[in-house]
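Fold and contact review
Each chain is listed here by its residues.
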Amino acid sequence: MYRPVVFAAGMLIAGIVLTKDLFPVILMVIILYSYYINKGKANNLQFIIIFFFYILALTSIYYLGIRLGSKPPKPLEIFLAENEAEEFYVEGKVKDLINNQNGQRLTVSVSFLSTDGNEKSFSEGEIYVYTEDSDASVNDTIVFVSEIKVYKKAYNEGGFDSKSYYDCREIYGYAYPESIDILSAAKSGGMNYCLFKLRDMAINNISKTFATDDAGILIAILTGEKNFMVDEISEMYRDSGFAHVLAISGLHISLIGLTLFRILRKKKISFIPSTVFTLLILCVYNSFSGGQVSCKRAIIMLCVSLISRCLGKRYDMLTGLAISAIIILINQPKYIYDSSFIMSYSAALGISTFGQILNKAEIFEEKKIMKAIKSVLFSVSVQVAILPSQIDFFNKFCPYSLLVNIFLLPLISIPVVSGIISIVFACFSSELASLAAIPAKLILLLYESAMEITGRLPMSEIVTGHMTKWKWGVVCIIISIFLLLLKYGREIYSFWCLVPAVFLLVPYHDDDLKISSLYVGQGDCHIITYKEYAIIIDCGSSDEEELYRYTVEPYLRYNGYDKPDYVFLSHMHSDHINGLLD
């Protein structure tokens, strides 16, 4: 079988989604059918046999593999859900700690939880504990009394599904205790403690060397921690389609890992020790950066690449991608619905498929022209690959993101290298650190200027609405045409199949009248949508902050409306109008 690991990853993904949504399974079957027919590995009769074994495998994987392989619901999660409104006596170990301008966020692994001194959670589960200040450190055992709230699913369309997001990361609740007592202080030492101190030192050195806005960006790029970013800057990167540089990705891992590997090889260290040492350093970096899914994917793929070299085999990017997906999903199947997982793998899939085609394609005889055209086509391909997931999660698109990525993305290595050097120099001299930080500051200034200009251009933001069924149909058509052109050896013409992707940007408005009463806590907000019109009746809340920004606007964008056409107010109380003041 050609690329059996890719086939296994496809079955695993389809098995996970089988009980929730049948459409991705149908899409997977179409892809596999086209793939195997086009590669000449099976005829129609053989495909029928493959199809039945495929369905059997899906069922087996879900009912046996997923349920046995994934972690069962933890007593802590169930206990919190059943006793949400009560105060708890909590005892746990501090696994991680982040200091920022708003105070501290402790990641606490709960070992004892009670309401009356008798109830316990016997298996560990983690919660976030927010406090203005405490003397706690990593590995300390702490106790406190507080209400613990659980994360909720989105109440309104387009809202942030915090439960799914934190479930993937195995965080089951959060607390705001008035005080925290240290039951037993941990001794300095251990990998977890050393990594915490190293990251805390890196964050402090960046904060001292760079201005607040730049510091937040570099902390996100180098450590994966986004709590230090200013909301306006974060939104500017997201709206321009350049937010992916704020996550630790394959580019960062390749830059760090391959650079280290080449240095070791130049020092005449043999191949296998160089590979092992590089992978160990990357695993430590993964823990240092919080274990983001994009970082895990990149490390696993680099691991497969280096092992392939050790064995004298050719590295296949699709196989490496499939291996990383299998490892991540077996450990945590809920990642299949997580935006970071989907966006990361969509981009990598676009690179692996279109990148291989471009390497073989001969477009022009002139090498410089051919290289420029290939660069543009490659960027277009990656943008199209992530477009469906980008629309589904953000419900909007920046048409200039292609240009932003073509011109700005190749420069990302400069702030990464400059930031790392400035962190090291800051331990000895603030003047040397400031000098080393100049290249990073210049590139970040260029980024900010380019994105500000982009935001002022006409049609800089296209509200698309969510991915409807007919849009997923367009995705199926694109994949089918692409594979059909590959079958007949028309690789370069396969890029024409990307043209129908423009229809994904068209918002779909239902002809039926739709009346929605949004959940806003104490207050009122009703929205009527009909064809291209959106009408708001009251918009206010005494519970929710920035109601329009976080509740009403996401709802409108989810349904394909950039702003309301009409507003009606029943009376002028604040819990009926303060959302409109936003």
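Residues numbered from 1 in each chain as written. Predicted model: local features only at pLDDT ≥ 70, side-chain atom pairs only at ≥ 80, totals over all residues. Heavy atoms only, no water.

A count of helices and strands for the protein gives 20 helices and 12 strands. Buried positions account for 47% of the 582 residues belonging to the protein. Contacts in the protein between residues at least 24 apart in sequence constitute 69% of all its contacts with a sequence separation of at least 6. Surface exposure of the protein reaches about 30,100 Å², of which carbon and sulfur atoms provide 61%. (Helix = DSSP H or I, 4+ residues; strand = E, 2+ residues; numbered from the N terminus. Buried < 20%, exposed > 50% of the residue type's maximum accessible area, 1.4 Å probe, protein only. Contact = heavy atoms within 4.5 Å. Areas by Shrake-Rupley, 256 points an atom, 1.4 Å probe, with all protein chains shown as cover.)

Next up on the list: the pairing of strand E11 (residues 533-541). The pairing of strand E10 (residues 523-530) with E11 spans eight bridges and is classified as antiparallel. Bridge pairing in E11 links Ile527 to Ile536. Linking E10 to E11, which pair antiparallel, is a turn of two residues; within it Lys531 sits at a positive phi near 55°. Here three bridges tie E11 to strand E12 (residues 566-568), and the two strands are oriented parallel to one another. Along E12, the bridge assignment pairs Ile535 with Tyr566. Following the backbone out of E11, through helix H19 (residues 547-558) and into the adjacent parallel E12, one traces a crossover that is right-handed. (Pairing = 2+ DSSP bridges. Right-handed = clockwise from strand over helix to strand, strands pointing away.)

With mixed pairing, the four strands of this open sheet are ordered in space as E9-E10-E11-E12. In this open sheet, the two edge strands, each paired with only one partner strand, are strand E9 (514-517) and E12. Here the strands of the sheet are splayed against their neighbours by 20° on average, with no regard to which way each runs. Across four bridges, the pairing between E9 and E10 is antiparallel. Bridged to Ser516 within E10 is Ile527. (Axes fitted to C-alpha atoms, helices over the stretch in contact; angles between N-to-C directions.)

Turning our eyes to something else, we now look at the pattern of salt bridges. Taken as a whole and assessed by the stated rule, the structure comprises 14 salt bridges. We note a salt bridge from Lys153 to Asp161, for which the minimum N-O separation is 3.9 Å. Several salt bridges share partner residues, and in doing so they unite Arg238, Asp239, Lys396, Glu461, Glu553 and Arg557 into one network. (Salt bridge = Lys/Arg side-chain N within 4 Å of Asp/Glu carboxyl O.)

This part is about helix H12 (residues 317-331). The end-to-end C-alpha distance of H12, which contains 15 residues, comes to 21 Å, matching closely the 21 Å that a straight helix rising 1.5 Å per residue would cover. Within H12 the residues assigned to the buried category are Leu318, Thr319, Gly320, Leu321, Ala322, Ser324, Ala325, Ile328 and Leu329. (Expected span 1.5 Å × (residues − 1).)

Overall, the coordinates contain 12 aromatic pairs when judged by the stated rule. Here the aromatic rings of Tyr151 and Tyr166 are separated by 3.9 Å at their centres, their planes lie at 20°, and the arrangement is stacked. Within this pair, whereas Tyr151 is found in the loop between strand E4 (141-149) and helix H5 (162-168), its partner Tyr166 is found in helix H5, the two being separated by 15 residues in sequence. Owing to a relative accessible area of 13%, Tyr151 belongs among the buried residues under this scheme. Each ring, one from Tyr174 and one from Tyr176, has its centre 6.2 Å from the other, and the planes form 90°; the classification is edge-to-face. Classification of Tyr174 by relative accessible area gives partly exposed; the value is 21%. One aromatic cluster is present, built from ring pairs that chain together Tyr128, Tyr130, Tyr151, Phe160, Tyr165, Tyr166, Tyr174 and Tyr176. For Arg105, the ring lying beneath its charged end belongs to Tyr128, and the centroid distance is 4.3 Å. Lying across the ring of Phe210, Lys441 places its NZ or CZ 5.7 Å from the centre. (Phe/Tyr/Trp six-rings, centres within 6.5 Å; stacked < 30°, edge-to-face > 60°. Lys NZ or Arg CZ within 6 Å of the ring centre and 35° of its normal.)

The next thing to look at is helix H17 (residues 430-456). For H17, which comprises 27 residues, the first-to-last C-alpha distance of 37 Å matches the rise-based estimate of 39 Å (1.5 Å per residue) to within 8%. At Ile438, H17 is bent by approximately 40°, the largest bend along its length, and proline Pro439 sits one to four residues beyond. Looking at H17, one finds that the buried residues are Ala433, Ala436, Ala437, Ala440, Ile443, Leu444, Tyr447, Met451 and Thr454. On its buried face, H17 sits against helix H6 (191-209), helix H7 (212-223), helix H8 (231-239), helix H15 (401-408) and helix H16 (413-426). (Bend = angle between axes of the 7 residues up to and from the residue.)

This part takes up the side chain of Ser274. Within the element layout of this structure, Ser274 appears in helix H10 (residues 271-288). If near-sequence neighbours (up to four positions away) are discounted, Ser274 is found in contact with Phe261, Leu264, Arg265 and Ile269.

On to the nonpolar core. Ile206, Ile217, Tyr237, Phe242, Leu246, Ile253 and Tyr447 are the most contacted members of the largest nonpolar core, which has 44 residues in total. Ranked by residue count, the leading element in this core is H7, at seven residues. In terms of nonpolar packing, the next biggest core, distinct from the first, is built from 20 residues, Leu76, Leu97, Val138 and Phe196 among them. (Core = buried A, V, L, I, M, F, W, Y, C linked by side-chain atoms within 4.5 Å.)

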